[in-house]
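Residues per chain are reported as follows:
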Amino acid sequence: MVPPSNSTPLCFSINSPPFKYNHTIASAYFSAVFSGLGLSSNLFALVVLAKTFHHTKSRSRSSFLLFLGGLVFTDFMGLLVTGSIVVSFHITHFNWRQLDPHCHFCNFMGMSMVFYGLCPLLLGAAMAMERFIGINRPFSRSTTMSNSRACSMVAMVWVTAGCISLLPLVGLGNYHLQLPGSWCFLNISSKPLDMTFSLIFSLVGLLSLAVSFLLNTVSVITLLRVCCGQDSSQRRRDYEVEMMVQLILIMAIASICWCPLLVFIAQTVLSGSKLEVLKLLLWLRFATWNQILDPWVYILFRRAVLKRISPKMDWSRGSIMSIYPTLSTSFRRLTRTSLGGTIDRLEHLRPNPDKARREDTPLPVQNIPVSSCSIEQTRTCI
């Protein structure tokens, strides 16, 4: 590595190319296969999502599919943008300083890493909020959440992540070339501006995961109580259970993949310790798996796929409850203990189920005997 000089651009002030690169094709093959697998998975998931959205008639499910489509599309573009740069470097071994003397290209990749890193986490929190409202406030949600509103929320998430990624360009932090020279990322150091931007990136991601966990936990407990409770026969909840299972898996994958990197960045800048490059590369590789695993959650964990895998089993809620007759009572006790009076207060806000069921029941048609009265005598007969 060439030591930096006084004329070295800011993005190359820490790691200045050219690097002593080990000429092996293993890195090129690994990056190409990794990116190709992620791109093909997300593209296939987009096709499946488009077909499902075209045939769905449920407003809640269509809104959820729009959020999920935004997540898959974001993962696809993130792999396409960042993966193409990394694979190109491993194949051509280009010199960053010759290719990008003013750091424009490095800043673009750094912005892409931050933007496409925060978007899945923010979208996961938005999806958790949408499902929380849909399950706990179904009457208010039916009048406020529409497909256009879902698209607006996805666009708002993109704008928020974009604004955060632009902060180094206005002086808050910097993007630097990172070892082994194939990518650019935020400068993880204890300098005030760099530390502030690093903490913003880490805390926004961790806060998104925390919000997702909290809202999903309440939604699952409420959904289990509704599905397994005495009022479970009011309407089918199969699609809501399917959406919650997918959302929980997305949250779990994001937490496993991103928490090590986010905690590592925050811990490094707060402790003032030297950046451990090997750990950074390891946790970054963990985070990249999120973009590959997200589409497979929707591809595999659908009732249509599960029915094909095990066609003899009925995957509806009724069959599961019939297999485990004591599960309903256990879930009811568990949710009652967990939420306490919260669910009871929610029930008071909803219409009386028995009253609604009686109002929805059509009145019986009675056979009225035909009277021999004429039309002129109708008033007298009545």
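Residues numbered from 1 in each chain as written. Predicted model: local features only at pLDDT ≥ 70, side-chain atom pairs only at ≥ 80, totals over all residues. Heavy atoms only, no water.

Draft legend 1. Expanded view of the packing of aromatic side chains. With the rule as written, the count across this model stands at eleven aromatic pairs. With 6.0 Å between their ring centres and 85 degrees between their planes, Tyr175 and Phe197 make a pair best called edge-to-face. You can see Tyr175 sitting in strand E1 (residues 175-178) and its partner Phe197 sitting in helix H7 (residues 192-228), a full 22 residues away along the chain. Of the residues examined, Phe197 reaches a relative accessible area of 1% and is grouped as buried. In this structure an aromatic cluster arises from ring pairing among Phe89, Phe94, Trp96 and Phe105. (Phe/Tyr/Trp six-rings, centres within 6.5 Å; stacked < 30°, edge-to-face > 60°. Helix = DSSP H or I, 4+ residues; strand = E, 2+ residues; numbered from the N terminus. Buried < 20%, exposed > 50% of the residue type's maximum accessible area, 1.4 Å probe, protein only.)

Draft legend 2. Quick peek at the pattern of salt bridges. Following the criterion strictly, the structure yields two salt bridges and no others. Across the salt bridge formed by Glu276 and Lys279, the nearest N and O atoms sit 3.5 Å from each other. In this structure Glu276 comes out as partly exposed when scored by relative accessible area, which is 40%. Of the residues examined, Lys279 reaches a relative accessible area of 39% and is grouped as partly exposed. (Salt bridge = Lys/Arg side-chain N within 4 Å of Asp/Glu carboxyl O.)

Draft legend 3. View of the UniProt feature "transmembrane region" (unreviewed entry) in the chain. The sites that UniProt annotates as "transmembrane region" (unreviewed entry) are residues 28-50, 62-88, 108-129, 150-177, 197-226, 247-270 and 282-301. When the span residues 150-177 is considered, its composition is 57% helix and 11% strand, and the gap between its end C-alpha atoms is 37 Å. Regarding residues 197-226, the helix share stands at 100% and the strand share at 0%, and the terminal C-alpha atoms are separated by 43 Å. (UniProt positions renumbered as here; feature names shortened; annotations may be inferred.)

Draft legend 4. Inspection of helix H9 (residues 277-300) at higher detail. Over its 24 residues, H9 runs 35 Å from end to end, which matches the ideal 34 Å to within 8%, given 1.5 Å per residue. A bend of about 35 degrees at Ile292 is the largest found in H9, and the proline Pro295 appears one to four places after it. Among all positions in H9, only Leu280, Leu284, Ala287, Thr288, Asn290, Gln291, Ile292, Asp294, Pro295, Val297, Tyr298 and Ile299 are buried. (Expected span 1.5 Å × (residues − 1). Bend = angle between axes of the 7 residues up to and from the residue.)

Draft legend 5. Spotlight on the packing of helix H4 (residues 104-136) against helix H6 (residues 147-165). Viewed as axis vectors pointing N to C, H4 and H6 meet at an angle of 145 degrees, and their least axial separation amounts to 8 Å. In this structure, H4 meets H6 at a crossing whose hand is right-handed. Here Met111, Val114, Phe115, Leu118, Cys119, Leu122, Leu123 and Ala126 of H4 lie close against H6, whose contacting residues are Met153, Val154, Val157, Trp158, Thr160, Ala161, Gly162, Ile164 and Ser165. The class makeup of the residues in the contact of H4 with H6 is 14 nonpolar, three polar and no charged. (Axes fitted to C-alpha atoms, helices over the stretch in contact; angles between N-to-C directions. Left-handed = near helix turned anticlockwise from the far one by under 90°. Contact = heavy atoms within 4.5 Å. Nonpolar A, V, L, I, M, F, W, Y, C, P; charged D, E, K, R; others polar.)

Draft legend 6. Broad picture of the pairing of E1. Alignment of E1 against strand E2 (residues 183-186), held across four bridges, turns out to be antiparallel. By the bridge assignment for E2, His176 is matched with Phe185. In this structure, the hairpin formed by E1 and E2 is closed by a connection of four residues, where Gly181 is found at a positive phi of approximately 100 degrees. (Pairing = 2+ DSSP bridges.)

Draft legend 7. Inspection of a nonpolar patch on the surface at higher detail. Taken together, Val241, Val245, Trp296, Leu300 and Phe301 make up a surface patch of nonpolar side chains, about 390 Å² in accessible area. Breaking the nonpolar patch down by element, the ones donating at least two residues are helix H8 (238-271) and H9. On the secondary structure map, Val245 appears in helix H8. (Patch = residues over 30% accessible without salt bridge, like charges linked within 9 Å, V, L, I, M, F, W, Y side chains within 5 Å. Areas by Shrake-Rupley, 256 points an atom, 1.4 Å probe, with all protein chains shown as cover.)

Draft legend 8. Structural context of the state of the cysteines. Tallied over the full model, the rule gives two disulfides. The partner cysteine of Cys11 in its disulfide is Cys103, sulfur to sulfur 2.0 Å. In this structure the cystine formed by Cys11 and Cys103 twists about its S-S bond by roughly -85 degrees; its chirality is therefore left-handed. Taken as a pair, Cys11 in the segment before helix H1 (26-55) and Cys103 in the loop between helix H3 (96-99) and H4 lie far apart in primary sequence, 92 residues in all. Owing to a relative accessible area of 1%, Cys11 belongs among the buried residues under this scheme. Note on cysteine connectivity: Cys106 is disulfide-linked to Cys184, with sulfurs 2.1 Å apart. Sign of the S-S torsion, about -115 degrees for the bond between Cys106 and Cys184, identifies this disulfide as left-handed. (Disulfide = S-S within 2.5 Å.)

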